[in-house]
Amino acid sequence: AVVSTQSGHYGREQITRLSCHEKEAMWFYLMASYGEIYGSVLSVVSMFGLFLYLLTSSDSGSLIIDTLASNGDNEPPVTQRIFWALVEGGCASSLLAAGGQSALVAIQTASIVAAFPYTLILNILCVSIYIALVQESRNETDPDYDPPAFSIGLLDFVTTWQPRLMKETLKNVFLGPYNCGKCLARINHSKHPFVWQITLSMLLIGLPVFYAIEIQLGIPGSSSIAWTCYLGFVFYVTGARVLLRQACRIPGNLIADFFICLFLWPTVVVQMKEHIDNGALNIVPNAPDHDSLDSRLDKGSVDSEMDNIAKLYTSFGTSSNNQPQKTDHENSLV
């Protein structure tokens, strides 16, 4: 528990446990720990800072709503912004008056739940911007740069609206470990995918099984084991995608592969399966390995350099052999 000291009677310090007070009073008891004078000043300053924070937040929210209501006008009317600010304050006051503290907690929970998908979208956008910048820099140095890519995109079942891909994606929600094991076996040129299929199936099934154990039997720590099993499954799928990228010389990075497999592993399995079924592993790609700096030189340039070095050594040896031999008289003079 957090403790603070405040001056008590007879000039002695008294220890106050903040957790024993109400949430609304904790802040003022914390400010009171700085003394009677400083505590009062800090309480007033902190309240003024909170008032400015709420005022600027309300103003920003009103500006966004006003811009949307004005069809994207960057300079909406001020009176309209004041109207939306009053409406926001009235709605918040009505909810607090009707439901009290429980309504406030419900609003906070709803805002967090609503913002969670947007957080995932932001992470995907960050990776997309990084890939676009890398590709643009390559296009500036090499206009003919055309890196190899997967046969289908991760969201083609939605963007292109192909029923077959949508059916395969829904199927891999349940059969993902089976198909991912087959992909791993084909990437590693193995005829026995059963080890990977059984391992992936056990890891994925462990997520609902251990959660059910904790809910039904009340065994603590089972949810941690469940998430450990799921992360192990994600690591296996990530490893399969990385191996396939390296085999086909497809640019990418491990971190992006991990987060893609963490949230979109059924579409990742469909993408790998479609790419392998199209014969990608049977084609020797001419593109260099974009994950390695040393491999950006193709084999032809390396062979030509080696030939030049060999010719240089040969010409040097020939020129040294063609030099006239010194006589014994010349050697004695030397």
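This text goes with the structure placed above it.
Quick caveat: nothing in here was measured; it's all calculated off a predicted structure. (Residues numbered from 1 in each chain as written. Predicted model: local features only at pLDDT ≥ 70, side-chain atom pairs only at ≥ 80, totals over all residues. Heavy atoms only, no water.)

Draft legend 1. Main features of the overall build of the chain. The helix and strand inventory of the chain stands at 11 helices and two strands. The order of helices and strands in the chain, counted from the N terminus, is β-β-α-α-α-α-α-α-α-α-α-α-α. Counting all 334 residues of the chain, 24% fall into the buried class. In the chain, of all internal contacts separated by at least 6 residues, the share reaching a separation of at least 24 is 52%. Approximately 23,600 Å² of the chain is accessible, and the part contributed by carbon and sulfur atoms is 66%. (Helix = DSSP H or I, 4+ residues; strand = E, 2+ residues; numbered from the N terminus. Buried < 20%, exposed > 50% of the residue type's maximum accessible area, 1.4 Å probe, protein only. Contact = heavy atoms within 4.5 Å. Areas by Shrake-Rupley, 256 points an atom, 1.4 Å probe, with all protein chains shown as cover.)

Draft legend 2. Spatial organisation of the packing of helix 2 (residues 36-69) against helix 3 (residues 78-99). Between helix 2 and helix 3, whose axes approach to 8 Å, the crossing angle comes to 120 degrees. By the criterion of interaxial angle, the relationship of helix 2 to helix 3 is oblique. Handedness of the crossing formed by helix 2 with helix 3: right-handed. From helix 2, Ser58, Asp59, Gly61, Ser62, Leu63, Ile65, Asp66 and Ala69 reach across to helix 3, where they touch Gln80, Arg81, Trp84, Ala85 and Glu88. Split by residue class, the contact of helix 2 with helix 3 holds five nonpolar, four polar and four charged. (Axes fitted to C-alpha atoms, helices over the stretch in contact; angles between N-to-C directions. Parallel < 35°, antiparallel > 145°, perpendicular 65-115°, else oblique. Left-handed = near helix turned anticlockwise from the far one by under 90°. Nonpolar A, V, L, I, M, F, W, Y, C, P; charged D, E, K, R; others polar.)

Draft legend 3. Fine view of a nonpolar patch on the surface. A cluster of nonpolar side chains, Tyr118, Ile121, Leu122, Leu125, Ile129 and Leu133, forms an exposed patch at the surface whose accessible area comes to about 590 Å². For Ile129, the location among the structural elements is in helix 4 (residues 101-141). (Patch = residues over 30% accessible without salt bridge, like charges linked within 9 Å, V, L, I, M, F, W, Y side chains within 5 Å. Salt bridge = Lys/Arg side-chain N within 4 Å of Asp/Glu carboxyl O.)

Draft legend 4. Spotlight on empty space enclosed by the protein. In the structure shown here, the tally under the stated rule is one cavity of 30 Å³ or more. Reported here for the largest cavity is a volume of approximately 40 Å³. For the largest cavity, the full set of lining residues is Ile152, Gly153, Leu154, Asp156, Phe157, Leu165, Thr169, Thr267, Val270 and Gln271. Looking at the lining of the largest cavity, the elements with two or more residues in it are helix 5 (156-159), helix 6 (163-187) and helix 9 (254-277). Element by element, the count of residues in the lining of the largest cavity is highest for helix 9, at three residues. In terms of residue class, the lining of the largest cavity is made up of five nonpolar, four polar and one charged. (1 Å grid on protein atoms, 1.4 Å probe; cavity = no way out; pocket = protein on both sides within 12 Å on 5 of 7 lines; lining within 4 Å. Points joined across faces, edges and corners; volume = space filled by probe spheres on them.)

Draft legend 5. How the structure looks around the nonpolar core. Formed by 29 residues in total, the largest nonpolar core has its most connected members in Cys180, Tyr230, Phe233, Val237, Leu244 and Met272. Contributions of two or more residues to this core are made by helix 6, helix 7 (194-217), helix 8 (222-248) and helix 9. Sorting elements by how many residues they give to this core places helix 8 first, with nine residues. Apart from residues lying up to four places away in sequence, Tyr230 is in contact with Leu203, Leu204, Leu207, Cys261, Leu262 and Trp265. (Core = buried A, V, L, I, M, F, W, Y, C linked by side-chain atoms within 4.5 Å.)

Draft legend 6. Quick peek at the pattern of salt bridges. Tallying each qualifying case throughout the model produces seven salt bridges. Linking Arg164 and Glu274 is a salt bridge whose minimum nitrogen-to-oxygen distance equals 2.8 Å. Remark: Glu274 occurs in helix 9 and Arg164 occurs in helix 6; sequence separation between them is 110 residues. Given the relative accessible area of 46%, Arg164 is considered partly exposed. We classify Glu274 as buried; its relative accessible area is 12%. When salt bridges that share partners are traced, they join Arg186, Lys273 and Asp277 into one network.

Draft legend 7. Structural detail: the environment of Ile213. Inspection of the secondary structure puts Ile213 in helix 7. Taking relative accessible area as the criterion, Ile213 reaches 25% and is therefore assigned partly exposed. Among all residues touching Ile213, those that are not within four sequence positions of it are Gly218, Ile219 and Ser222.

Draft legend 8. Examining the environment of Arg81 more closely. Topologically, Arg81 is positioned in helix 3. Spatially, the C-alpha atom of Arg81 lies 9.0 Å from that of Ile64, the residues being 17 residues apart in sequence. Those residues in contact with Arg81 that sit more than four places away from it in its chain are Asp59, Ser62, Leu63 and Asp66.

Draft legend 9. Just the packing of helix 6 against helix 8, in detail. The geometry of helix 6 relative to helix 8 is characterised by a closest axis approach of 10 Å and an angle of 40 degrees between their N-to-C directions. In this structure, the crossing between helix 6 and helix 8 has a hand that is left-handed. Residue-level contacts link Pro177, Cys180, Leu184 and Ile187 of helix 6 to Phe233, Tyr236, Val237, Ala240, Leu243 and Leu244 of helix 8.

Draft legend 10. How the structure looks around the packing of aromatic side chains. Tallying each qualifying case throughout the model produces six aromatic pairs. Measuring from ring centre to ring centre gives 5.3 Å for Phe235 and Phe258, while their planes differ by 25 degrees; the resulting arrangement is stacked. One end of the pair, Phe235, is in helix 8; the other, Phe258, is in helix 9, and 23 residues separate them in sequence. Looking at Phe235, the relative accessible area reads 52%, which means it is exposed. (Phe/Tyr/Trp six-rings, centres within 6.5 Å; stacked < 30°, edge-to-face > 60°.)

Draft legend 11. View of helix 7. Taking 1.5 Å per residue as the helical rise, helix 7 with its 24 residues ought to reach 34 Å, and the 32 Å between its terminal C-alpha atoms agrees with that figure. Considering bend angle alone, the principal kink of helix 7 is centred on Gly206 and spans about 35 degrees; proline Pro208 follows within four residues of it. If you follow the buried residues of helix 7, they end up packed against helix 6, helix 8 and helix 9. Gly218 occupies a position one or two residues after helix 7 and carries a positive phi of about 70 degrees. (Expected span 1.5 Å × (residues − 1). Bend = angle between axes of the 7 residues up to and from the residue.)

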